[in-house]
Amino acid sequence: MRKSLFSKTSVATAALVLTLGTAALPAPAQAFDWGSGAVAVLQVGAQYAYLNRQVHYIETKGRNEYFGQIKEKYGVNTDATANAMLDRVMGRLSKSIAAQNPKSTITSEPYQYFVNNDTSFNAFCTLGHNLSVNIGAFEKLAYDEDELAFVIGHELAHGEKKHPARGVTRGLPVSLLAALYSSQNPNAASYIGATLLNAVGTAKLVTKPMETEADKLGFDYAVGAGYNIGGGAALWQRILERNGKGHGGFAELFNDHPRSISRRDAYSKRLTKWSNNKVRVNADTGEILVQGKSFYTPKDNGVKSGLEQAYLIAGNLAAVFHDPDQAPGAVTTQGGVLLVGRQPILTLAGTPDPAGVTSRLAAILNPKQVASGSRKDATSH
């Protein structure tokens, strides 16, 4: 029987190891002659095999204990709206992943998740299908479920691709690994897990290729779950604006400012591709173009900037054009919402010229119908 994975003693010891080196652990047993290069190579290989066994334990039998330790460290937030939203997003994304990847273990080993108390903008997925979202992410995204779905989809992509496990060697000090292996410490998983607790929610465990892969998969998961295709670009637009204007709390886990621009633009390109190249957003002005024609340029509304809104509106429009065999439906309004067929496009409340916005979209999508209607009006007079 293993002792509790993450006792306070093990956490303290791991922290001490990170600060002082391996002196905090039992003295390594020098079983090999380190003067031999060949033996040294074998020793290192054995150490990493040992590490893989410990990580596998945390990923499987020890995942519940690890989850408990994560909750203890970060605190469980009881915000009812945030928790209900996280439940919905996780349910929809999990179904999307299962449908897209029948080999996924997401059904047999569902992710464990919770909202934590950290007020910064962050979320993380770590070993054992364990995931948490900061309450700050909900607050700083103004509880926008479409944007949040892309944050969580990104983290689930890390989990599905085993990025946390693959990234362990980046975050685990080699000195700690060597000491654990040499001493064959029975609580190795405790030390490893406690050490990793200091790295979750940071960029220490992932590489840029992993981030790029997670962005691509996260898009597929979120869109497959029925979320707004523009949510990813809108999310990064919001991060850019908050970082650029000095807003605190948007963790630079997501790399530097230019990197954020490239990620927004990558999502925007995927939006346009999804629309069969019929919908595009001008990243400088926020102008939405439909079939190459200017449709609408949203204005800041106090909650979202015009550009952030533009990506979400464009995402709704992209859904109209996604099926090349399906012609766009009629442009109508219902309950203050502009529709194309059954697809909601935008809320007209607060729009400076709702009638003009409606007629402009109708003219772009159904020019013959609009022209015919104009002739009838002229004849009737």
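Placed above this text is the structure.
Quantities reported herein were computed from a predicted structural model and do not represent experimental measurements.

About the cut-offs
- Residues numbered from 1 in each chain as written.
- Predicted model: local features only at pLDDT ≥ 70, side-chain atom pairs only at ≥ 80, totals over all residues.
- Heavy atoms only, no water.
- Helix = DSSP H or I, 4+ residues; strand = E, 2+ residues; numbered from the N terminus.
- Expected span 1.5 Å × (residues − 1).
- Buried < 20%, exposed > 50% of the residue type's maximum accessible area, 1.4 Å probe, protein only.
- Pairing = 2+ DSSP bridges.
- Axes fitted to C-alpha atoms, helices over the stretch in contact; angles between N-to-C directions.
- Parallel < 35°, antiparallel > 145°, perpendicular 65-115°, else oblique.
- Left-handed = near helix turned anticlockwise from the far one by under 90°.
- Contact = heavy atoms within 4.5 Å.
- Nonpolar A, V, L, I, M, F, W, Y, C, P; charged D, E, K, R; others polar.
- Phe/Tyr/Trp six-rings, centres within 6.5 Å; stacked < 30°, edge-to-face > 60°.

Side note on helix α6 (residues 145–160)
Here is step 1 of the chain: Taking 1.5 Å as the rise per residue, α6 with 16 residues should run 22 Å; its terminal C-alpha atoms sit 21 Å apart, in good agreement.
Here is step 2 of the chain: The buried count for α6 comes to 15 of 16 residues, which makes it a mostly enclosed element.
Here is step 3 of the chain: After α6 finishes, the residue K162 shows a positive phi value of roughly 60 degrees.

Quick word on the pairing of strand β7 (residues 331–334)
Here is step 1 of the chain: Pairing between β7 and strand β8 (residues 337–340): four bridges, direction antiparallel. Directly across from Q334, in β8, lies its bridge partner V337.
Here is step 2 of the chain: In sequence, β7 turns back onto β8 through a hairpin of two residues, with G335 there showing a positive phi of about 60 degrees.

With respect to the packing of α6 against helix α11 (residues 208–224)
Any two packed helices are characterised by how steeply their axes cross, that is the angle between the axes, and by the distance between the axes.
Here is step 1 of the chain: Close contact between α6 and α11 brings their axes to 7 Å; oriented N to C, the two are set at 120 degrees. By the angle class used here, α6 and α11 are oblique. Crossing of α6 over α11 shows right-handed handedness. Residues A149, F150, G153, H154, L156, A157, H158 and E160 of α6 form the contact with α11, whose participating residues are M210, E211, A214, D215, L217, G218, F219, Y221, A222 and V223.
Here is step 2 of the chain: The class makeup of the residues in the contact of α6 with α11 is eleven nonpolar, four polar and three charged.

Quick word on the sheet that holds strand β9 (residues 343–347)
Here is step 1 of the chain: The strand order β7-β8-β9 describes an open sheet built from three strands, whose pairing is antiparallel. Taken across any chain shown, the strands that pair with only one partner, and hence form the sheet edges, are β7 and β9. Taking each pair of neighbouring strands and ignoring which way they run, the sheet shows an average axis angle of 30 degrees.
Here is step 2 of the chain: Bridge analysis of β8 against β9 gives four bridges, and the strand direction is antiparallel. Bridge assignment links L338 to a residue of β9, and that residue is L346.
Here is step 3 of the chain: Its contacts with the sheet place helix α14 (residues 306–321) against β8 and β9, and it is angled at close to 160 degrees to β9.

Digging into the packing of aromatic side chains
Here is step 1 of the chain: Overall, the coordinates contain seven aromatic pairs when judged by the stated rule.
Here is step 2 of the chain: Look at F67 and F114: their rings are 5.6 Å apart centre to centre, the planes differ by 75 degrees, and that puts the pair in the edge-to-face class. Of this pair, F67 sits in helix α3 (residues 63–74) while F114 sits in strand β1 (residues 112–116), and the two are 47 residues apart along the sequence.
Here is step 3 of the chain: Overall, the relative accessible area of 10% leaves F67 in the buried class.
Here is step 4 of the chain: Judged by relative accessible area, which is 5%, F114 ranks as buried.

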